[in-house]
Amino acid sequence: EAGVTQSPTHLIKTRGQQATLRCSPISGHTSVYWYQQALGLGLQFLLWYDEGEERNRGNFPPRFSGRQFPNYSSELNVNALELEDSALYLCASSQGLARTFTDTQYFGPGTRLTVL
Amino acid sequence: RKEVEQDPGPFNVPEGATVAFNCTYSNSASQSFFWYRQDCRKEPKLLMSVYSSGNEDGRFTAQLNRASQYISLLIRDSKLSDSATYLCVVNPEAAGNKLTFGGGTRVLVKP
């Protein structure tokens, strides 16, 4: 069974540009989560989507946004890129709201975004 | 105070030895707890969920102490391949699924 996949693996942008990152969840999973892991920092929760709707959001500015498609894949958009947005962006998926709070998240390999 | 705190290490462990480390969390209403393992520049991988009664998976044992708000991970008979960063993860919300990660504890197993 395929795991969580993300594309692209690496992305290089310049300050002020927009970045789009994509994620495909494990088959059968309806929830997708986005996390940021900046160098030397821990994973920070960005967004949670389930059944096409945004369910929760971390402490990030509005220029971080996303969406979830009917096939449960998701994309993360970062507008007006800043140098400090350079990080590994990890997507995770889980079985979703149908489960209890013990729902387990499985991570993809990440997209490494570099802002120059 | 951070929501989830871990000793960053590194814990230098001789091969075959036992190592244990803790993680503390601040939200007493936290509902679920996990240990993830992250290798350098790789994604986190679930090591084990942590249950109230404690649980064991091979050489790995996890314990939860709700009264003192910490969870622990013990690794027995350490292997070189156990070298990694171990992330303590807490879901502080009953239905939020907003995982909060500790900064990780680095473990280096040496021959």
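My aim in this report is to walk through the structure given alongside it, one point at a time. (Residues numbered from 1 in each chain as written. Chains lettered and ligands numbered in written order. Predicted model: local features only at pLDDT ≥ 70, side-chain atom pairs only at ≥ 80, totals over all residues. Heavy atoms only, no water.)

1. Let's talk about the interface of chain B and chain A
Contacts between chain B and chain A engage 20 residues on the former and 20 residues on the latter. Between chain B and chain A lies a buried interface of about 1800 Å² when both sides are counted; carbon and sulfur atoms form 55% of it. There are 0 salt bridges connecting chain B and chain A. Linking chain B with chain A are 2 residue pairs in polar contact (both at pLDDT 80 or more). Mapped onto the side of chain B that touches chain A, the elements with two or more residues apiece are β4 (32-38), β5 (45-50) and β9 (84-91) of chain B. Looking at side-chain class alone, the side of chain B that touches chain A contains 9 nonpolar, 7 polar and 4 charged residues. (Contact = heavy atoms within 4.5 Å. Buried area = accessible area lost by both parts, 1.4 Å probe. Salt bridge = Lys/Arg side-chain N within 4 Å of Asp/Glu carboxyl O. Polar contact = N/O pair within 3.5 Å; in protein donor to acceptor, adjacent residues only side chain to side chain. Helix = DSSP H or I, 4+ residues; strand = E, 2+ residues; numbered from the N terminus. Nonpolar A, V, L, I, M, F, W, Y, C, P; charged D, E, K, R; others polar.)

2. Brief notes about the layout of surface pockets
As a volume, the largest pocket reaches approximately 1300 Å³. Lining the largest pocket are 45 residues, with A:Gln37, A:Gly40, A:Leu41, A:Gly42 and A:Leu43 positioned closest to its centre. Those elements that provide at least two residues to the lining of the largest pocket are β5 (43-50), β9 (87-94) and β11 (111-115) of chain A together with β1 (4-6), β9, β10 (100-101) and β11 (105-110) of chain B. Its residues placed into classes, the lining of the largest pocket shows 19 nonpolar, 16 polar and 10 charged. (1 Å grid on protein atoms, 1.4 Å probe; cavity = no way out; pocket = protein on both sides within 12 Å on 5 of 7 lines; lining within 4 Å. Points joined across faces, edges and corners; volume = space filled by probe spheres on them.)

3. Here we look at empty space enclosed by the protein
All names here are of chain B. Taken as a whole and judged by the stated rule, the model has 1 cavity of 30 Å³ or more. One number sums up the size of the largest cavity: a volume of about 30 Å³. Lining the largest cavity are Glu3, Val4, Tyr25, Ser26, Asn27, Ser30, Val90, Pro92 and Thr100. Considered class by class, the residues forming the lining of the largest cavity number 4 nonpolar, 4 polar and 1 charged.

4. Some words on unusual backbone geometry
Note that the residue after A:Ser7, namely A:Pro8, is joined by a cis bond; omega there is -10°. Relative to the helices and strands, A:Pro8 is located in the loop between β1 (5-7) and β2 (10-13). The backbone of A:Ala80 sits at a positive phi, close to 45°, despite the residue not being glycine. Tracing the backbone through its elements, the reader meets A:Ala80 in the loop between β8 (74-78) and β9. Taking relative accessible area as the criterion, A:Ala80 reaches 41% and is therefore assigned partly exposed. One non-glycine residue, B:Arg41, adopts positive backbone phi at about 60°. Tracing the sequence through the fold places B:Arg41 in the loop between β4 and β5. Judged by relative accessible area, which is 58%, B:Arg41 ranks as exposed. (Buried < 20%, exposed > 50% of the residue type's maximum accessible area, 1.4 Å probe, protein only.)

5. Things to note about the state of the cysteines
Residues and elements named next belong to chain B. Under the criterion given, the structure shown has 2 disulfides over all chains. Disulfide pairing places cysteine 23 opposite cysteine 88 at an S-S distance of 1.9 Å. Between cysteine 23 and cysteine 88, the S-S torsion sits near -60°, and that sign places the bridge as left-handed. Residue cysteine 23 is located in strand β3 (residues 19-25), and its partner cysteine 88 is located in strand β9; the two are separated by 65 residues in the primary sequence. By the burial criterion, cysteine 23 is buried, and cysteine 88 matches it. (Disulfide = S-S within 2.5 Å.)

6. So, the packing of aromatic side chains
As enumerated under the stated definition, the model contains 13 aromatic pairs over all chains in all. Measuring from ring centre to ring centre gives 5.5 Å for A:Phe107 and B:Tyr36, while their planes differ by 90°; the resulting arrangement is edge-to-face. On the criterion of chain membership, the pair formed by A:Phe107 in strand β10 (residues 106-107) and B:Tyr36 in strand β4 is interchain, its members lying in two chains. Assessed through its relative accessible area of 8%, A:Phe107 is described here as buried. By way of ring pairs, the aromatic residues A:Tyr35, A:Phe45, A:Phe107, B:Phe34, B:Tyr36 and B:Phe101 are connected into one cluster. (Phe/Tyr/Trp six-rings, centres within 6.5 Å; stacked < 30°, edge-to-face > 60°.)

Just geometry here; none of it tells us what the structure is for.
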